Each structure stands twice: as structure tokens, then as C-alpha cells.
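Coordinate analysis (summary)
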Amino acid sequence: MPEAHPDAPRSTDAASPAEPAYKALTNHLPEPRFVPLPGYTRVGEAQMLASAEAFYATMDRRRTTRHFATDPVPRRLIELAILTAGTAPSGAHRQPWRFVAIDDPALKAKIRAAAEEEELKTYRDRMTDEWREALHPLGTDHVKEHLTDAPWVVVLFAEKFGLRADGSHRKNYYVDESVGIAAGLFIAAIHTMGLVTLTHTPNPMGFLREVLGRGTNEKAVLVLPVGYPRPDARVPDLQRLPLDAIVQWNA
Ligand SMILES: Cc1cc2nc3c(=O)[nH]c(=O)nc-3n(C[C@H](O)[C@H](O)[C@H](O)COP(=O)(O)O)c2cc1C
């Protein structure tokens, strides 16, 4: 599927299938460069099955954790999770994710205070009954101790558009999808290294751009505290949908 976008110029295509006219529209650009697919080794089905089963079993043990120990976590582990997230595919390879990793206790406290102020308003005034009922099984409230207990708080920003040196905007494509995939890889990396995280969406999140000094072309999308679980950590008793509820094979 081409990465068509509503703002893309209309095709001038009227030529033969052999050399459609749109191809000439990029004649002024340098030739794309290609390299052999790096690092790919085809493995047998038995090995694929074994690694797929093992990876699924590992990922099925992942749980969103809301109770963090205060034990420190080396910065290199956070770097590796962010590097892993940065391997995500992205629309037109724009890589529209930016991570702010925070271990400064004063900054975490500032974020917690601002988040709790907003969350209190949300839980008290903004939540519909339907939303309140949906959250009830999770047992959450406006108190966000994970923002100061976890040794790291990683805030994921989506770069809505790029900024060129002259201040003009450079369009990004499929930003939400790309950033969502990066978030998934980050969460998987944190989980497989033996740490836990919480996918937190304080509502609204506008304060984060200000507190963290990010540009107006960025939007905070997730707050991801990272650390070890507290020894008494508990999680809601949830079930995951079975395969037949989430897949259709053919039409
Ligand atoms: C986009 C998104 C936003 C979420 N926001 C919050 C949140 O603000 N606070 C919270 O406690 N959990 C939040 N969660 C975590 C979900 O509640 C959790 O993933 C879900 O209950 C399933 O639990 P599990 O992750 O342990 O499988 C969010 C998850 C996602 C994917």
C-alpha cells in the first residue's frame, strides 16, 4: 500500500503501465540507495515455533504495574529500551517519537504534582459515568505515587510535524500509528529485561510540554514510569481475549 496522504498532490498518471507519469515527478531527487537486507538468517520452522512460543509466553506475563520499588535502575537499561523503541517502523521513516527520560527526583515531584492536580479535576469533574465504570476494576484514582516512586519516568512525545532550520514545517506521516508501535516496543523491551512499567495517560497532558520544555510541534502521549515492582505489588485480576475473539482468517 502506498503511503498516500490527503495532502499529497493528485496523480498526473495517464501514461503506460511500463513507466507511469508520476515517476517523472521525482526526477529531480537523488536516486534512492539500497543495501542488502542486513542481519537476516532464515531459520527452520521448528526453531521459529519454539522462539514464537517462548516470546508469547514471556509477553503474556507482562502486566501493567502501578506499585514501584524505589530501587535505582541503571541509565543504560533505559537507553536500550529507547533504542529498541527507535527501531519501530514509521510512516515515511519520519521516526516521529521523542523520549524524555527523567530520574531527577525534583522534576519527578513536579510532574507528579501537576499530574495529580489535573487527575483530581478529571476524577472529580470531567469523568463521565461510563468512563468511571470502565476504570473501576483497575482501582485507580488521582493519586499517582508511581511518578515519584519509580526510579525513571519516561515521557513519550509525538512529533506532530518537523521543524526545518528556517522554521518551516516538515510533514510527518501516520504519527499516531508510528508512535504507538514505538511505545509497544519500548514496553516489550522493559518487560523482557525484567523491569515493569505503567502506560500512564494523565488527562489532559498539555502540562508536560511546558514542564519539560518541549517544542510546540510535539505532543505528550504517554508517561511511562519504569522500575522494579514493589514486593507487595498487586494487579487487577484481568483476562485477555482468546485468539478466536481477536482474529479472523480470511473473509
Ligand atoms: C493508551 C493507554 C492508556 C492507559 N492509561 C492508563 C492510565 O492513565 N492509568 C493507568 O493506571 N493505566 C493506564 N493504562 C493501562 C491499562 O489500564 C492496562 O494496560 C489494562 O488495564 C490492561 O492491563 P495489562 O497491561 O496489565 O494487561 C493505559 C493503557 C494504554 C494502552
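Residues numbered from 1 in each chain as written. Predicted model: local features only at pLDDT ≥ 70, side-chain atom pairs only at ≥ 80, totals over all residues.

Right, let's get into the overall build of the protein chain. When you go through the protein chain residue by residue, the secondary structure sums to eight helices and six strands. Taken from N to C terminus, the helices and strands of the protein chain fall in the order α-α-β-α-α-α-β-β-β-α-β-α-β-α. Taken across its 251 residues, the protein chain has 22% of its residues classed as buried. Considering only intrachain contacts with a sequence separation of at least 6, the fraction spanning at least 24 residues in the protein chain is 80%. (Helix = DSSP H or I, 4+ residues; strand = E, 2+ residues; numbered from the N terminus. Buried ≥ 20, exposed ≤ 12 C-beta atoms within 10 Å, placed from the backbone. Contact = placed C-beta atoms within 7 Å.)

Within the structure, the ligand sits among Arg63, Thr64, Arg66, Leu138, Thr140, Leu198, Thr199, His200, Thr201, Val235 and Leu238. Counted by class, the shell around the ligand contains four nonpolar, five polar and two charged residues. (Near = placed C-beta within 6 Å. Nonpolar A, V, L, I, M, F, W, Y, C, P; charged D, E, K, R; others polar.)

Taking burial as the measure, the eight residues of strand β2 (residues 152-159) include eight buried ones, the bulk of the element. The alternating pattern of β2 places Trp152, Val154, Leu156 and Ala158 and Val153, Val155, Phe157 and Glu159 on opposite faces, both of which are buried. Relative to β2, strand β1 (residues 97-102) is paired through six bridges, and the arrangement is antiparallel. Paired with Val100 across the strands is Val155, a residue of β2. Bridging between β2 and strand β6 (residues 218-227) involves eight bridges; their strand directions are antiparallel. Pairing of Glu159 across the sheet is with Glu218, part of β6. (Pairing = 2+ DSSP bridges.)

Spacing of three or four residues puts side chains on the same side of an α-helix, whose turn is 3.6 residues. Its 16 residues place the ends of helix α1 (residues 45-60) 22 Å apart at the C-alpha level, agreeing with the 22 Å of an ideal helix rising 1.5 Å per residue. Among the 16 residues in α1, zero count as buried, and that is only a small part of the element. (Expected span 1.5 Å × (residues − 1).)

Before going further, it helps to spend a moment on the sheet that holds β2. Within the open sheet, the four strands sit side by side as β1-β2-β6-β5. Their pairing is antiparallel. Looking at strand neighbours, the two that pair on one side only are β1 and β5 (196-197), the edges of this open sheet. Running over the sheet, helix α2 (residues 75-85) touches β1, β2 and β6 and is turned about 170° from β1. (Axes fitted to C-alpha atoms, helices over the stretch in contact; angles between N-to-C directions.)

Before going further, it helps to spend a moment on the pairing of β6. Regular strands place their side chains on alternate faces of the sheet. Among the ten residues in β6, eight count as buried, and that is most of the element. As paired elements, β5 and β6 share two bridges and run antiparallel to each other. Note on β6: the bridge partner recorded for Thr197 is Val226.

This paragraph deals with unusual backbone geometry. Cis geometry is adopted by the peptide bond preceding Pro204, which originates at Asn203 and carries an omega value of -10°. Here Pro204 is to be found in the loop between β5 and α7 (207-211).

The biggest cluster of nonpolar side chains holds 36 residues, and the ones touching the most others in it are Val153, Val154, Val155, Leu156, Phe186, Leu224 and Val226. Elements with a minimum of two residues in this core: α2, β1, α3 (105-126), β2, α6 (175-192) and β6. Among the elements that line this core, the one with the most residues is α6, at eight residues. Each residue touching Phe186, except ones within four places of it in the same chain, is listed here: Ala81, Ile82, Thr84, Ala85 and Leu224. (Core = buried A, V, L, I, M, F, W, Y, C linked by C-beta atoms within 7 Å.)

Further remarks concern the confidence of the model for the protein chain. The predicted model of the protein chain averages 94 in pLDDT, with 93% of residues at 70 or higher. Per-element confidence in the protein chain is highest for α2, whose mean pLDDT is 99, and lowest for helix α4 (residues 129-135), whose mean pLDDT is 95. (pLDDT = per-residue confidence, 0-100.)

Looking now at α2. Considered for burial, the residues of α2 that qualify are Ile78, Ala81 and Ala85. Projected down its long axis, α2 shows its buried positions confined to an angular sector of 60°, all on one face. When the buried face of α2 is taken as reference, the exposed residues oriented beyond 90 degrees from it are Arg76 and Glu79. Against β1, β2, α6 and β6 lie the buried residues of α2. (Arc of directions from axis to C-beta.)

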